[in-house]
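Observations on the model geometry
One letter stands for each residue in the lines below.
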Amino acid sequence: MPMPPRSGISRPTGSRWRIRSTSRCGYGMRLLADLIARCQALGKRQMIAVIGGSQSAGSIGLHNRMGFETAGVLRSAGFKLGDWTDSVLMTRALGARGSAPPEDAT
């Protein structure tokens, strides 16, 4: 999900994935840890998670365990399976890049 080409918001990155298993066998933790490592290796500054549904305790808990913080909730932002659903926004800074200015800042 690339961001629009505006200088102020051009640096975040995103991806979409879903694990349909409810067995809590660690797939999500391994996938998210690998994704975080890859984003850091690419020099990304911040990760943004948009979780479909404030009732998604498993996903919210996983992101919390991996260092994400809740940034906000968009109430009734989506319509899924015949009902309105919230979207939970979570962010995670990657290394010192979370507070350091970009290298190409003028």
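Anything mentioned here points back to the structure above.
Now for a description of the structure that goes with this document.

1. Regarding the packing of aromatic side chains
Tallied over the entire structure, the rule returns one aromatic pair. Consider the rings of phenylalanine 79 and tryptophan 84, whose centres lie 5.0 Å apart with planes at 70°: the pair is edge-to-face. Of the two residues, phenylalanine 79 and tryptophan 84, both sit in the exposed class.

2. A word on the sheet that holds strand β2 (residues 69-80)
Pairing in this open sheet of three strands is antiparallel, and the strands run β1-β3-β2 from one edge to the other. The open sheet has two free edges, formed respectively by β1 (46-52) and β2, since each of these has just one partner strand. Here the strands of the sheet are splayed against their neighbours by 20° on average, with no regard to which way each runs. Bridging between β1 and strand β3 (residues 83-93) involves seven bridges; their strand directions are antiparallel. Residue isoleucine 51 lies in a different strand from β3, and its bridge partner there is valine 88.

3. Considerations on the nonpolar core
Judged by nonpolar contacts, the single largest core of 13 residues is most densely connected at Leu32, Ile36, Met47, Ile51, Met66, Phe68 and Met90. Once you skip the residues sitting within four places of it in the chain, isoleucine 51 turns out to touch Ser56, Ser59, Ile60, His63, Asp86, Ser87, Val88 and Met90.

4. So, helix α2 (residues 57-65)
Among the residues of α2, Ile60, Gly61, Leu62 and His63 are the ones counted as buried. Where α2 is buried, its residues touch α1 (27-41), β1 and β3. Backbone geometry just downstream of α2 places glycine 67 in the positive-phi region, at approximately 95°.

5. Digging into the side chain of threonine 85
Following the sequence through the fold, threonine 85 ends up in strand β3. Residue class for threonine 85 comes out buried when judged on its relative accessible area of 10%. Discounting chain neighbours no more than four positions away, the residues touching threonine 85 are Gly52, Gly53, Gln55, Ser76, Ala77, Gly78, Phe79 and Lys80.

6. Here's the deal with a nonpolar patch on the surface
Side chains of Trp17, Ile19, Tyr27 and Leu31 sit close together on the surface and give an oily, nonpolar patch of about 380 Å² of accessible area. Structurally, the position occupied by tyrosine 27 is in helix α1.

7. Topic: the side chain of serine 87
Within the fold, serine 87 resides in strand β3. Filtering out sequence-adjacent residues up to four positions away, serine 87 remains in contact with Val50, Ile51, Gly53, Gly72, Val73, Leu74 and Ala77.

The rules behind the values
Residues numbered from 1 in each chain as written. Predicted model: local features only at pLDDT ≥ 70, side-chain atom pairs only at ≥ 80, totals over all residues. Heavy atoms only, no water. Phe/Tyr/Trp six-rings, centres within 6.5 Å; stacked < 30°, edge-to-face > 60°. Buried < 20%, exposed > 50% of the residue type's maximum accessible area, 1.4 Å probe, protein only. Pairing = 2+ DSSP bridges. Helix = DSSP H or I, 4+ residues; strand = E, 2+ residues; numbered from the N terminus. Axes fitted to C-alpha atoms, helices over the stretch in contact; angles between N-to-C directions. Core = buried A, V, L, I, M, F, W, Y, C linked by side-chain atoms within 4.5 Å. Contact = heavy atoms within 4.5 Å. Patch = residues over 30% accessible without salt bridge, like charges linked within 9 Å, V, L, I, M, F, W, Y side chains within 5 Å. Areas by Shrake-Rupley, 256 points an atom, 1.4 Å probe, with all protein chains shown as cover. Salt bridge = Lys/Arg side-chain N within 4 Å of Asp/Glu carboxyl O.

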